[in-house]
Amino acid sequence: MSLEATRALDERYLMRTYKRAPVDFVRGEGALLWDADGREYLDFLTGISVSSVGHCNPRVVAAVSEQVGRLMHVSNLFYTEGMARLAQRLSESSLGGRVFFSNSGTEAVECAIKIARKHAHARGVAEPEIVSFEGDFHGRSYGALAATPGLARSPALGPMLPGFRSVPFNDAEALRAAVGPSTAAVMLEPIQGEAGVYPTSEAALLAARKACDEVGALLVLDEIQTGLGRTGSLWAYEQTPVRPDVITSAKALGGGLPIGACITGPLAADVLEPGDHGSTFAGAPVATAAALAVLDVVAEPALLRGVREKGTALRAGLEALDGVRGVRGRGLMLGVALEEGVDGPALGADLLGRGLVVNVPRPDTIRLLPPLVVEPAQIERAVGLFAESLVR
Ligand SMILES: *Cc1c(COP(=O)(O)O)cnc(C)c1O
């Protein structure tokens, strides 16, 4: 089918929740994508950090293919080995507690909200509150949305869930002041992704940890975008001075299949009990087989070092370009701040026309989330396309 025919169907039958770029992709391999006309693209977005181990990574494809022909689903009413092994690997690689699986990032956040509220009630808090930073993104269900201050304020979608508040981004003093006896959790992104790649400061994270400890609240770090090697360590919090009580994961976890996880440390591991939470699809065999393969790829000793080195090279290449004011972020999660007068959306569209897929989270920023397995030559090619596009 031609792009025009697909577009006509899409525009007639899909709800109009997304503005799509004018391209329909039909195939992917590593850092490359091809559209319906056979045109090749370099993908520096990876479906918003989902295809982090590369499109159709052979290890993920093999694991999924084997599993999909053997058993796809039995529900959470029975034991399945893949789910148990994946929980072990996620726990042992991070906080050491228990894991709840979900089908998306938003649902992993919902689980964290339930844990925080129930943990607070056990401390005798009547009306628990969750504190986040302005600019944080945690998802679009009513719970996660309430913790997403930038989106939560549309009256047309109201009423919103009560029990959430926000303070200015990276304002450690305001955060300390907002945390009190009713606080159930402080929930933050280690690096704000959707807002345009803004790292949360060490001072803010330390203030959050200290304030939570003082009142008995939980520190929840949303690692849905930052996790699984994206920033050069398996989890972004490893490069910060704090250790959270709960982390959420999703996006890259399934290598392209939908799966999320809420992972706890000892303090929060036993909060949820039978009846408190559940999901029909979550942790099913195909998704967990994919995630186990993803963890194998990310566990390769050279991979994380490669992410740091390639991130440094990409950053240096971009910072040297006219039109680039600076680059924010860590590892291969980068926000390219454009100089005044450079039109981000126009630049993003021009780059797509030249065969480079990027994202424009705000008019003055290009967000780059290339696959962790991107080759140095592909980084050079991307920087070259940026250079051409900026002088056009
Ligand atoms: C993408 C994202 C979510 C939401 O995940 P979905 O899978 O879209 O539900 C939540 N938090 C962060 C930090 C994200 O980047």
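All values derive from a computational prediction rather than experimental measurement.

Caption draft 1: The arrangement of the site of the ligand in detail. Taken together, the residues surrounding the ligand are Ser104, Gly105, Thr106, Phe137, His138, Gly139, Glu189, Asp222, Ile224, Gln225 and Lys251. A distance of 2.8 Å separates an oxygen atom of the ligand from a polar side-chain atom of glutamine 225. Contact distances for the ligand include 2.6 Å between an oxygen atom and a side-chain N or O atom of lysine 251. Taken together, the residues that form the shell around the ligand break down as two nonpolar, six polar and three charged.

Caption draft 2: Broad picture of the domain arrangement of the chain. Assigned domains within the chain: domain 1 (3-57 + 323-390) and domain 2 (60-298). Contact with domain 1, which involves 24 residues of that partner, is made by 27 residues of domain 2. Across the domain 1/domain 2 interface, buried area totals approximately 2,100 Å², and carbon plus sulfur atoms make up 58% of it. Counting across the domain 1 and domain 2 interface gives one salt bridge. Across the salt bridge formed by glutamate 194 and arginine 367, the nearest N and O atoms sit 2.8 Å from each other. Counting across the domain 1 and domain 2 interface gives 13 residue pairs in polar contact (both at pLDDT 80 or more). Of all the elements in the fold, those that place two or more residues in the side of domain 1 that touches domain 2 are helix H2 (46-49), strand S13 (324-330), strand S14 (333-338), strand S16 (359-362) and strand S17 (365-368). Per-class residue counts for the side of domain 1 that touches domain 2 are twelve nonpolar, eight polar and four charged.

Caption draft 3: Region of the structure containing the side chain of serine 91. Following the sequence through the fold, serine 91 ends up in helix H4 (residues 81-92). Using a relative accessible area of 8% as the deciding quantity, one classes serine 91 as buried. In this structure serine 91 touches Gly96, Gly97, Val99 and Ile263, once residues within four positions along its chain are discounted.

Caption draft 4: Summary view of empty space enclosed by the protein. In the structure shown here, the tally under the stated rule is one cavity of 30 Å³ or more. In this structure, the largest cavity encloses a volume near 40 Å³.

Caption draft 5: Examining the sheet that holds strand S4 (residues 99-102) more closely. The seven strands lie next to each other as S4-S12-S11-S10-S7-S5-S6, forming an open sheet whose pairing is mixed. The open sheet is flanked by S4 and strand S6 (164-167), the only strands paired with a single partner. Taking the axes of each pair of neighbouring strands and ignoring which way they run, one obtains an average angle of 20° across the sheet. When strand S7 (residues 183-188) meets strand S10 (residues 218-222), the two strands line up parallel, connected through four bridges. Of the residues in S10, the one forming a bridge with methionine 187 is valine 220.

Caption draft 6: Broad picture of the packing of aromatic side chains. Taken as a whole and assessed by the stated rule, the structure comprises three aromatic pairs. On the numbers, 5.6 Å between centres and 85° between planes, the contact of phenylalanine 133 with phenylalanine 169 is edge-to-face. Linking phenylalanine 133 in strand S5 (residues 129-133) with phenylalanine 169 in the loop between S6 and helix H7 (172-178), this pair joins segments that are 36 residues apart in sequence. On the basis of relative accessible area, phenylalanine 133 is assigned to the buried category, the value being 0%. Summarising the aromatic geometry, the rings of phenylalanine 169 and tyrosine 198 are spaced 6.5 Å apart at their centres and angled 75° between planes, so their arrangement reads as edge-to-face. One end of the pair, phenylalanine 169, is in the loop between S6 and H7; the other, tyrosine 198, is in strand S9 (residues 198-199), and 29 residues separate them in sequence. Overall, the relative accessible area of 26% leaves phenylalanine 169 in the partly exposed class. Three or more aromatic residues link up through ring pairs in this structure, and these residues are Phe133, Phe169 and Tyr198. Against the face of tyrosine 41 rests arginine 39, its NZ or CZ located 5.1 Å from the ring centre. For the cation-ring pair, arginine 328 lies above tyrosine 198, with the distance from its terminal atom to the ring centre recorded as 3.9 Å.

Cut-offs used in this document
- Per-chain numbering applies: the sequence of each chain, read as written, is numbered from 1 onward.
- Restriction of local features to residues with pLDDT of at least 70 applies here, the model being predicted, together with a cutoff of 80 or more for giving and counting side-chain atom pairs; totals for whole chains, interfaces and linings are based on all residues.
- Each side-chain value is derived from all of the structure's non-hydrogen atoms; neither hydrogens nor water enter the calculation.
- Think of it this way: one heavy atom of a residue within 4 Å of a molecule or strand is enough to make that residue near it.
- Under the rule applied, a polar contact is a pair of N or O atoms within 3.5 Å (in protein, one hydrogen donor and one hydrogen acceptor; residues adjacent in sequence only if both atoms are side-chain atoms).
- Amino acids outside the nonpolar list (Ala, Val, Leu, Ile, Met, Phe, Trp, Tyr, Cys, Pro) and the charged list (Asp, Glu, Lys, Arg) are all regarded as polar, and Gly is one of them.
- Domain extents, as shown, originate in an automatic or database domain assignment.
- Any two residues having at least one pair of non-hydrogen atoms within 4.5 Å are treated as being in contact.
- Summed over both partners, the accessible area (1.4 Å probe) lost when two parts come together is defined as the buried area.
- Whenever a carboxyl oxygen of Asp or Glu lies within 4 Å of a side-chain nitrogen of Lys or Arg, that contact is scored as a salt bridge.
- Secondary structure elements are taken from DSSP: a helix is a run of H or I of four residues or more, a strand is a run of E of two residues or more, and numbering for both begins at the N terminus.
- When accessible area is computed with a 1.4 Å probe and restricted to protein chains, residues below 20% of their type maximum are described as buried, those above 50% as exposed, and intermediate ones as partly exposed.
- The way it works is a 1 Å grid over only the protein atoms, where trapped points that fit a 1.4 Å probe form a cavity and open points with protein on both sides within 12 Å along at least five of seven lines form a pocket, and then any residue with an atom within 4 Å of a point lines it.
- Grid points are joined across faces, edges and corners, and a volume is the space filled by probe spheres set on the points.
- The criterion for strand pairing is that DSSP finds at least two bridges linking the strands in question.
- For every element, the axis is a line fit to its C-alpha atoms; helices are fit only across the contacting stretch, and the angle between N-to-C directions ranges from 0 to 180 degrees.
- Stacked, tilted and edge-to-face are the three classes applied to pairs of Phe, Tyr and Trp rings, where Trp contributes its six-membered ring and a pair requires centres within 6.5 Å; stacked means planes under 30 degrees apart, edge-to-face means over 60, and tilted covers the rest.
- Both a distance and an angle decide whether a charge sits over a ring: NZ of Lys or CZ of Arg must be within 6 Å of the ring centre and within 35 degrees of the ring normal.

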